[in-house]
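# Tertiary structure, described
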Amino acid sequence: MSIEELSNKGIDSFINNFVSFISKKAPEFCIAQYKKHEMKLNKGLPEYIKANYQRCAYVRTLLKRDRPTELDKIYEPLQFKIDDDILKEDEIKSSISTDLHRTIISGYAGNGKTIFLKKIYKELIDSQVNFYPIFFELRNISSGTQTLLDCIYESIVTYSDSFTQKQFTYGLKKGLFYFLIDGLDEVSDSQQSNIQEEIIKLTLKYPYCPFVVTSRPNEFTTWENFHVAHLLPFDYRQCQSYITKIDFIEERKTEFLEFLTEDEFEEHKEFLSNPLLASMMLLTFDEYGDIPAKRHIFYEKCFQVLIKEHDASKGRFHRPLKSKLSHEELEKVFMYFCAMTYQKQEYSFNLQQVDKYINSALKIVNLDSICKENDIRYDFVHSVSLLLQDSNYFEFIHRSFQEYFFAKLIVNDRKYELENKLDNIDDLFSLAKANLIAMIDDMDHDYFETDYVLKKLTILNEYFESIDAENEPEKIFEQFNDSLSIYFKNDNFYLLIFPDSLLLISDIDDKERKLNYFILSNVDIKYRNLMFNYSLNLSSDDILKVISNNNSCIKKITNRNKTDQVIIIRLDRKTLIELNCTKYAQLIKKGLNDYYDDILSRITKQRSIIDEIIFKN
């Protein structure tokens, strides 16, 4: 019996069990409706389930891009973290069906969030669980006035118009559906708040239906009825297990696994943290026999490997790109494609959108008269596999490639001032764009530091020159945030320029403050973490007394033992002086000034040597 026949047999069994289960749960309703021929639950369900089962049971991988691979053959179980608890995948799935009916799966792109939902969908069918699984990708939601629930219903009736709204409403009320909602982070900014609000309302209105929602890491403070399960990156064992499972030349896999000791994994785990990156690393190692230490070099080598794979053929001839462009020209077109889509915060596209951006990129590089959009699109998808295609839908093979190629364009193109280029990127120093700024810095540290950081640092230091840090500490701190945090650790109290203990730059809502904080973080790295862990030589009683007397406490964050863990205070001058925060303000001011002098000194020395030895000015 074939895999498809086995799948169909399992789905038929699931449908029969599911209909029987519903009939037992509300016989008077179902029997009445059956007699009237108004609602037949076994109509509409098989078509939807079979279509989605096949879709979830197979995936396309980087190593086998031309044919689907059975999910079960390559799937590596994941691990999650909720608060301080590390949970295995089976524990999470079991909990979702019992006490964690509402769960957010939080993880970065490529970590396996979508694959995890597909695995749940398939297992719900295979194990004959009495839920009707609904898999819905939020990227497919319309931009009109339709509600999320309407869009989900339409995704079901697409496969059979015999499934009625009455059936859907009844199943919702009785808790018969298991919702797997994928890609909250792929919803446009204009729709985000409405979609979030609707999901939360649906879980309150239909409390018996499990809801699992995937998203990139974010602040889920408004999702009070949801548990947040953070998807953990691969550990050493998971990475090795995954590499062992994937379909690749066994001898090459063995060489890679022998190279990949625990020490090597620890050094390069950023590039081995999920299935996609681990596969890319295997390809890169197979080609170069080594693992690059820097992120941008890794992506550059990945691109070269993908290009070479396209050229690989029987004999000595290489295959031309369909667009007839050189590799360098195609890369340049892709860089501008990435730049435009990144600036628009678009990561997935329909056919019209992808061709629109390709056409604009061709015009920028003056190739629009000799290339067709569909030929470039073909090369992006099939020749170098930088875009994935699903019917008329396209997305990056990994979003980090979009970041890499945009960063490369910013560094390579010197027609515009770096300051102008970076200042035109919205929310540049947010957590979501940390990889972009890190790659720009990594590609050309001197360029980034001298043409951008130094200019911003000059403005900040000029402002601080007029401030007396000892008597006006609040004027120092307010350039980074509107509060200070006092947190307790190892029997000591420390100061932080953060509103809470999460230490996320995204908590700072002002663009200029985010920039200032970024500069200060570089100072902190240079001067060995002095800035963000400034110790207060005061007792807990003394601190609470000062804060209480001056009424400066904004809020307290407590731990499980109900003891104070973080105290957030407003920037009140009297409180800051009494708490001896003035030394912290002075340290920040001096650190920024020293950083400025250090950059300037290095620039002067470098240019002097170049003038004297190379150009002899």
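You'll find the structure just up there.
In every chain, residue numbers begin from 1 and rise along the written sequence. For a predicted model such as this one, the threshold for reporting local features is a pLDDT of at least 70, and the threshold for listing and counting side-chain atom pairs is 80 or more; totals across whole chains, interfaces and linings nevertheless cover every residue. Computation of side-chain values: all heavy atoms of the structure, hydrogens and water removed.

Turning next to the overall build of the protein. Scanning the protein from terminus to terminus reveals 26 helices and 17 strands. Remark: exposure states derive from per-residue accessible area (1.4 Å probe, protein chains only) relative to the maximum for the residue type, with buried under 20%, exposed over 50%, and partly exposed in between. Within the protein, buried positions represent 49% of all 617 residues. Across the protein, every contact between residues at least 6 apart in sequence was considered, and the portion connecting residues at least 24 apart equals 68%. All accessible areas in this document rest on Shrake-Rupley with a 1.4 Å probe, and a residue is counted as covered only by the protein chains that are shown. A total of about 30400 Å² of accessible surface is found on the protein, and carbon and sulfur atoms cover 48% of it. Think of it this way: any DSSP run of H or I at least four residues long counts as a helix, any run of E at least two long counts as a strand, and we number them from the N terminus. What makes two residues a contact is simply this: any of their non-hydrogen atoms within 4.5 Å.

Turning to its location among the elements, Asn 461 is positioned in helix H21 (residues 445–465). Not counting residues up to four positions away in its chain, the partners in contact with Asn 461 are Leu 592, Asn 593 and Tyr 596.

What follows deals with a nonpolar patch on the surface. Side chains of Ile 609, Ile 610, Ile 613, Ile 614 and Phe 615 sit close together on the surface and give an oily, nonpolar patch of about 500 Å² of accessible area. Secondary-structure assignment places Ile 613 in helix H26 (residues 582–614). Classification of Ile 613 by relative accessible area gives exposed; the value is 54%. The patch calculation keeps residues exceeding 30% relative accessible area without a salt bridge and links them within 9 Å when they carry like charges or within 5 Å when they are nonpolar (Val, Leu, Ile, Met, Phe, Trp, Tyr). Take a side-chain nitrogen of Lys or Arg and a carboxyl oxygen of Asp or Glu: if they are within 4 Å of each other, that pair is a salt bridge.

Burial in helix H10 (residues 236–245) covers these residues: Gln 238, Cys 239, Tyr 242 and Ile 243. End-on, the buried residues of H10 take up no more than an arc of 130°, which puts them together on one face. On its buried face, H10 is in contact with helix H4 (71–74), strand S3 (79–82), helix H11 (250–259), helix H12 (262–268) and helix H13 (275–288). Of all possible arcs, the one meant is that of the directions from the helix axis to the C-beta atoms.

What follows deals with the pairing of strand S6 (residues 132–137). Most of S6 sits out of view: six of its six residues are buried. Side-chain alternation along S6 places Tyr 132, Ile 134 and Phe 136 on one buried face and Pro 133, Phe 135 and Glu 137 on a second face that is also buried. As defined by bridge partners, S6 adjoins strand S7 (residues 177–182) across six bridges and the pair is classed as parallel. When the bridges of S7 are listed, Glu 137 appears paired with Asp 182. Should DSSP find at least two bridges between two strands, the strands are taken to pair.

Turning our eyes to something else, we now look at unusual backbone geometry. Leaving glycine aside, a negative phi is the common case for residues, and trans is the common case for peptide bonds. One non-glycine residue with positive phi stands out, namely Asp 83, at about 55°. Within the element layout of this structure, Asp 83 appears in the loop between S3 and strand S4 (85–88). The phi dihedral of Lys 324 falls on the positive side, at around 70°, and the residue is not glycine. Within the secondary structure, Lys 324 sits in the loop between helix H14 (295–311) and helix H15 (327–343).

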